[in-house]
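Each chain, letter by letter, is given below.
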Amino acid sequence: GRVRPTPPLHVIGYFLAKGVVFEDDTWQGRALIDKIPKYIKKYADFFCNLTLQEYSFQQYLPTHLAAAILLASRVALQITPRWRP
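Residues numbered from 1 in each chain as written. Predicted model: local features only at pLDDT ≥ 70, side-chain atom pairs only at ≥ 80, totals over all residues. Heavy atoms only, no water.

A.B. asks: Even after reading the chapter, I still don't get unusual backbone geometry, so can you show me in this structure?
C.D. replies: Note: most residues except glycine have negative phi, and most peptide bonds are trans. Here Thr80 and Pro81 are connected by a cis peptide whose omega angle stands at 0°. Here Pro81 shows up in the segment after strand S3 (79-80). We note that Gln78 has phi near 60°; this positive angle belongs to a residue other than glycine. If you trace the backbone, Gln78 turns up in the loop between helix H3 (62-76) and S3. (Helix = DSSP H or I, 4+ residues; strand = E, 2+ residues; numbered from the N terminus.)

Written out as structure tokens, the structure reads:
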């Protein structure tokens, strides 16, 4: 059968299921609140939809787009650190 491309949203779903926030993360300089994972998902959905509307994003691997989208979501929510190695 044919292999179909995996959209970034599926990759993001995988990372969201594994966890994209950590105990020692902070939100706007304070401890995280319980709703942060839900907010990250909303931002990720929004940014993912933007990448689907702009053809130039098709040149990037879905895994790279997913990582960039999760980073953008953390930055938009002012979660620190912005990224973990």
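A.B. asks: Would you mind going over the sheet that holds strand S1 (residues 26-27) with me for this structure?
C.D. replies: In a beta sheet, neighbouring strands pair by backbone hydrogen bonds and run either parallel or antiparallel. The antiparallel open sheet is built from three strands, whose spatial order is S2-S1-S3. Edge positions in the open sheet fall to strand S2 (30-31) and S3, since each of these has one partner strand only. When S1 meets S2, the two strands line up antiparallel, connected through two bridges. Bridge pairing in S2 links Trp27 to Arg30. (Pairing = 2+ DSSP bridges.)

A.B. asks: What is the right way to look at the environment of Leu50 in this model?
C.D. replies: Residue placement: Leu50 occurs in helix H2 (residues 36-53). Each C-alpha atom, one on Leu50 and one on Leu70, is 13 Å from the other, the two residues being 20 residues apart in sequence.

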